[in-house]
Structure formats: structure tokens, C-alpha cells
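Residue strings, one per chain:
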Amino acid sequence: MEAYGGFAQVYDVFMDNVDYHQWCDYAVKLLNQYGVFSGQLVDIGCGTGTGTMLFAKEGYQMIGIDISQEMLEIAESKKEMENILYVLQDVTELELPYTVPAMVSIGDSMNYITDYGDFTMVLKRVNQYLEDNGIFVFDLKTKKYFSDIGETTIAEDREDCSFIWENYFDEETNINEYYLSVFVRGQDGRYDKYEEEHFQRGYTLKEISQAVEISGLKIEKIYEAFSDNEGKEENERVYVVVRKSSENK
């Protein structure tokens, strides 16, 4: 089953409780803190483009990358500004026509890279397409986050759609698996059912640091989300700031 296929059409409905402004404002704060105030910015795992548009409104020239055609079609339909280009691409095979000063990935998109080798490969690709001293800011849900959720079922009903979310977390592999059953009311009043299976991985800070080192990038700091505090294993979400050093070319 494809992730974010049928669910894509109602994704924004069920994500209306997410404070994208907080996520993006914090990422912009970190970009500014490390010297990136404008220019080209690549949004990895851009989804339906809500965050991408917020970055564009901050003055960045945006490239949004996602693996889901359905999500990108919605992002394109929502586009309000001309300084956004959406690209269908597997980030493990990231290719850009030129290097850029910065990249971001928010909303735990990096957690969807469940293979550690692939996770490292993404960082290597980022390193390849960042300018010297370029910055990559990304967030991750931690192992603690998924462990706390554990095995649970979540259901939500809206006026024209609903979903059932069955969640499982494997403490040995750190893989979180959830099955989605999505029901969307059509124009004839009947409901279409979509089933999807999603996987995310809860990374430890040690794993993150090792992957960054292997990629040739340099960690500037791991932050507890939305704060200036040093990130810790007990945090549920962290933001990671890495830099491409000209010394590691």
C-alpha cells in the first residue's frame, strides 16, 4: 500500500491541529541564527506544501521535494507564490541542478527514512548539494516519542471524512508502524475507503550524530524542539542543525 495516496486528499483536513507557523518560524529562526537569511531553500518532504509556502513568505526561493505525486498535486493547487518549484523525487536519490545555501525538512519527514543506510545516504546527498558552509535544518521524532505511543488505536470523525489509525512500535528495531483506514465521502454521499500502511523510525541522538559524521557534514547543535536547550534522548522531538564544511570536501 502506498503511503499518502488516498490519504493525501484529506491530509490537510486532519492536520489542521498542527501549528505549521510554529514549526516554520522555529526553523527560520535557526536558519537566521546560522547565517541563512535569504536565497534558495530546499524543503525535503514538503508534502502538501503548507510549510513550503510559509518559508516562501519569509522571502526564500523554494524548491519543494516529495516522493508522493498525490501530495505534490495538492501542493501545486494551493500555490500562491511563483517562487516555489515542486519536484517529484526520492530524496535518497536527491539531484539538484546546482548547489544551494540551505535545506530544511520539518514535520518528521526524515523519520520516514527507516533504513539507517538510506538515512545516511540522504545526508550524503544533502552534503553534495549544499554550498560550502551551507546549512541543513531538520526535525525528528525521537525513539521516546514512539515508545510512549506504543500500541494504540486512534479514530477521528469529521463531516466528510474519517480515519482509524492503528499504531505499533517495535522496541527492538525502533520501527513504528501504523495502518490507516480512511473514509472519504464522495459527491453521491457514499464513502470511499482507502487503506495505507506507514512506517517511521525513532532515531537516537547517537545514531543521528554517527550518520552526520559518516555523511561528511558537521553537527552545529541538536536542539530540544522550539527551544534553545540542548537536545536530549528524553525529548519527544528534536531539531538538528548541520553544516557543510569546506574542510570536508
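None of these values were measured; they are calculated from a predicted model.

A. How the structure looks around the overall build of the chain. When helices and strands are tallied, the chain shows seven helices and eleven strands. Relative to the globule expectation of 18 Å for 249 residues, the C-alpha radius of gyration of the chain, 18 Å, shows essentially globular dimensions. With the C-alpha coordinates aligned to their principal axes, the bounding extent of the chain is approximately 60 × 45 × 30 Å. Going through the 249 residues of the chain one by one, you find that 51% of them count as buried.

B. View of the nonpolar core. Residues L31, L41, F55, V137 and Y239 are the most contacted members of the largest nonpolar core, which totals 31 residues. Only α2 (20-33), α3 (50-57), β2 (60-66), α4 (69-78), β3 (84-88), β4 (100-105), β5 (130-141) and β11 (237-243) provide two or more residues apiece to this core. Among the elements that line this core, the one with the most residues is α2, at eight residues. Core analysis: the second largest hydrophobic core is formed by 30 residues, L96, V100, M103 and L205 among them.

C. Structural view of the packing of α2 against α3. Two elements in contact, α2 and α3, have axes whose closest approach is 10 Å; the angle formed by their N-to-C orientations is 50°. The pairing of α2 with α3 is recorded here as oblique in orientation. As for how α2 packs across α3, the hand of that crossing is right-handed. Here Y20, H21, C24, A27 and V28 of α2 come into contact with α3, specifically with T50, G51, L54 and F55. Across the contact of α2 with α3, the residue classes tally to six nonpolar, three polar and no charged.

D. Structural view of the sheet that holds strand β9 (residues 191-201). Within the open sheet, the four strands sit side by side as β6-β7-β8-β9. Their pairing is antiparallel. Each edge of the sheet is formed by a strand with only one pairing partner; in this case those strands are β6 (152-157) and β9. Geometrically, the sheet is characterised by an average inter-axis angle of 15° between neighbouring strands, direction not taken into account. In terms of strand pairing, strand β7 (residues 161-170) meets strand β8 (residues 175-185) through ten bridges, oriented antiparallel.

E. Molecular detail of the environment of M121. Secondary-structure assignment places M121 in helix α5 (residues 116-129). Since its relative accessible area comes to 33%, M121 is described here as partly exposed.

F. The arrangement of the confidence of the model for the chain in detail. Chain-level statistics for the chain give a pLDDT mean of 89 and a share of 92% at 70 or above. The least confident element of the chain, judged by mean pLDDT, is helix α1 (residues 11-14) at 52; the most confident is β4 at 98. Low pLDDT, under 50, characterises residues 1-5; the stretch is placed with 18 contacts to residues that sit more than four places away or in other chains.

G. Structural context of the packing of aromatic side chains. On inspection of all chains with the given rule, the structure shows 13 aromatic pairs. An angle of 20° between the planes, with centres 6.1 Å apart, marks the rings of F146 and F169 as stacked. Taken together, the positions of F146 in helix α6 (residues 143-149) and F169 in strand β7 put the pair 23 residues apart, joining distant regions of the chain. Taken individually, F146 and F169 each receive the classification buried, so the pair is uniform in this respect.

Criteria and thresholds
- Residues numbered from 1 in each chain as written.
- Predicted model: local features only at pLDDT ≥ 70, side-chain atom pairs only at ≥ 80, totals over all residues.
- Heavy atoms only, no water.
- Helix = DSSP H or I, 4+ residues; strand = E, 2+ residues; numbered from the N terminus.
- Rg over C-alpha atoms; globule rule 2.2 N^0.38 Å.
- Buried < 20%, exposed > 50% of the residue type's maximum accessible area, 1.4 Å probe, protein only.
- Core = buried A, V, L, I, M, F, W, Y, C linked by side-chain atoms within 4.5 Å.
- Axes fitted to C-alpha atoms, helices over the stretch in contact; angles between N-to-C directions.
- Parallel < 35°, antiparallel > 145°, perpendicular 65-115°, else oblique.
- Left-handed = near helix turned anticlockwise from the far one by under 90°.
- Contact = heavy atoms within 4.5 Å.
- Nonpolar A, V, L, I, M, F, W, Y, C, P; charged D, E, K, R; others polar.
- Pairing = 2+ DSSP bridges.
- pLDDT = per-residue confidence, 0-100.
- Phe/Tyr/Trp six-rings, centres within 6.5 Å; stacked < 30°, edge-to-face > 60°.

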